[in-house]
Amino acid sequence: MTHLAIIGGTGLTSLKNLEITHREVVHTPYGEPSGPLTYGTLGGKKVVFLARHGYGHTIPPHCINYRANIWALRSVKVDKVIAVAAVGGITKEAGPGVIVLPDQIIDYTWARSSTFFEDDLTHVTHVDFTYPYSEPLRQLLLASAKKIGLDAVDGGVYGATQGPRLETAAEINRLERDGCTIVGMTGMPEAVLAREIGLEYVCCSVVANWAAGRGDGAEITMKEIEENLALGMDRVRSLLETVLPIA
Ligand code: HPA
């Protein structure tokens, strides 16, 4: 049976309509995940939920134990992951509140434990990552968005930055020259770890703010981020409830 997980990011530390059945603390060879796994039903479908930054939103992007999170999900037989993430919008279609379903990644992060393939190796492994996200899952999300009349951006490049600070305007100019559509701090190594361990993985990103130097160029405030996320995450909740029964 398909076992689907949702990883919630900033603005989605819980799922309002999730009927929780139980929680499970999972220990992994890589340490502790961000919190216990929450099991429940959403849209009539069984699902496992994990808050990436912890249920109290206390773990910053560069301190998340991505390996433990992904390992924990795999160890309970999850095979599909919808990863929800707050991002900054770089290009004009990616305005605040918009949902973007990226199809590519550029990784600018550093000093994160970004592979399972480093201990006890009998041979060097180079996992294929040409297309970092599961296209079938992405298409399911797109079809579900259409079904509920939600305008989601189909495709785009997720630029993963180190954080926790936001970027400079020059850094965002560089990301745009590189081809990035959106910028976030948690997309990597989460996506590649999922690939290494054989999970189908897709990113459902919600634009929280115009990236540095975009929009009217004003300073980015937490208030703005929170307000846009409140709206965007309501959209994500509707999308998840629509997609889960068919995923
Ligand atoms: N940059 C990086 N990560 C983010 C942003 C941003 O502007 N907004 C939300 N997450």
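Now for a look at the structure at hand. (Residues numbered from 1 in each chain as written. Predicted model: local features only at pLDDT ≥ 70, side-chain atom pairs only at ≥ 80, totals over all residues. Heavy atoms only, no water.)

Focus on the layout of surface pockets
If a probe as big as a water molecule is rolled over the atoms, it shows which places are left empty. Reported here for the largest pocket is a volume of approximately 510 Å³. Taken together, 28 residues make up the lining of the largest pocket; nearest its centre are Thr10, Pro164, Leu166, Met185 and Ile225. Top contributing element to the lining of the largest pocket by residue count: strand E5 (residues 80–89), with four residues. Along the lines of polarity and charge, the residues of the lining of the largest pocket split into 15 nonpolar, ten polar and three charged. The volume enclosed by the second largest pocket comes to roughly 190 Å³. Considered class by class, the residues forming the lining of the second largest pocket number four nonpolar, three polar and four charged. (1 Å grid on protein atoms, 1.4 Å probe; cavity = no way out; pocket = protein on both sides within 12 Å on 5 of 7 lines; lining within 4 Å. Points joined across faces, edges and corners; volume = space filled by probe spheres on them. Helix = DSSP H or I, 4+ residues; strand = E, 2+ residues; numbered from the N terminus. Nonpolar A, V, L, I, M, F, W, Y, C, P; charged D, E, K, R; others polar.)

Things to note about the site of the ligand
Looking at the ligand, the residues that line it are Ala86, Val87, Gly88, Leu166, Glu167, Val183, Gly184, Met185 and Asn209. At 2.7 Å, a side-chain N or O of Glu167 approaches a nitrogen atom of the ligand. Contacts to the ligand include Asn209, whose side-chain N or O atom sits 2.7 Å from a nitrogen atom. Taken by itself the ligand offers 260 Å² of open surface, and the protein chains cover 93% of this. (Near = heavy atom within 4 Å. Polar contact = N/O pair within 3.5 Å; in protein donor to acceptor, adjacent residues only side chain to side chain. Areas by Shrake-Rupley, 256 points an atom, 1.4 Å probe, with all protein chains shown as cover.)

Observations regarding unusual backbone geometry
In this model, Gly163 is joined to Pro164 through a cis peptide bond whose omega is 0 degrees. A cis amide bond links Met188 to the next residue, Pro189, at an omega of 10 degrees. As for its placement among the helices and strands, Pro189 is situated in the loop between strand E10 (182–184) and helix H4 (190–196). The backbone of Lys77 sits at a positive phi, close to 75 degrees, despite the residue not being glycine. When you line up the elements, Lys77 lands in the loop between helix H1 (66–75) and E5. Although it is not a glycine, Ala111 adopts a positive phi angle of roughly 55 degrees.

Focus: the pairing of strand E1 (residues 4–8)
Taking burial as the measure, the five residues of E1 include five buried ones, the bulk of the element. Judged by which residues are buried, E1 turns out to be covered on both faces: Leu4, Ile6 and Gly8 on one side and Ala5 and Ile7 on the other are all buried. One ladder, built from five bridges, connects E1 with strand E4 (residues 45–51); its direction is parallel. Across the sheet, residue Ile6 finds its bridge partner in E4, namely Phe49. Across four bridges, E1 lies against E5 in parallel orientation. Counted as the bridge partner of Leu4 is Lys80 from E5. (Buried < 20%, exposed > 50% of the residue type's maximum accessible area, 1.4 Å probe, protein only. Pairing = 2+ DSSP bridges.)

Regarding the packing of helix H2 (residues 135–147) against helix H5 (residues 222–243)
Contact geometry for H2 and H5: axes closest at 9 Å, N-to-C directions at 110 degrees. Accordingly, the angle class assigned to the pair H2 and H5 is roughly perpendicular. Note that H2 runs across H5; the crossing there is right-handed. Within the contact between the two elements, H2 uses Leu140, Leu141, Ser144, Ala145 and Lys147 and H5 uses Leu239, Thr242 and Val243. (Axes fitted to C-alpha atoms, helices over the stretch in contact; angles between N-to-C directions. Parallel < 35°, antiparallel > 145°, perpendicular 65-115°, else oblique. Left-handed = near helix turned anticlockwise from the far one by under 90°. Contact = heavy atoms within 4.5 Å.)

Brief notes about the side chain of Thr186
Position of Thr186 among the secondary structure elements: in the loop between E10 and H4. In this structure Thr186 comes out as buried when scored by relative accessible area, which is 6%. Excluding residues within four positions of it along the chain, Thr186 makes contact with Arg52, His53, Pro61, Ile64, Tyr66, Ala85, Arg112 and Tyr158.

Focus: the environment of Arg177
Tracing the chain through its elements places Arg177 in helix H3 (residues 169–178). Judged by its relative accessible area of 66%, Arg177 falls in the exposed class. Counting along the chain gives 92 residues from Arg177 to Ala85, while the straight-line C-alpha distance between them is 23 Å.

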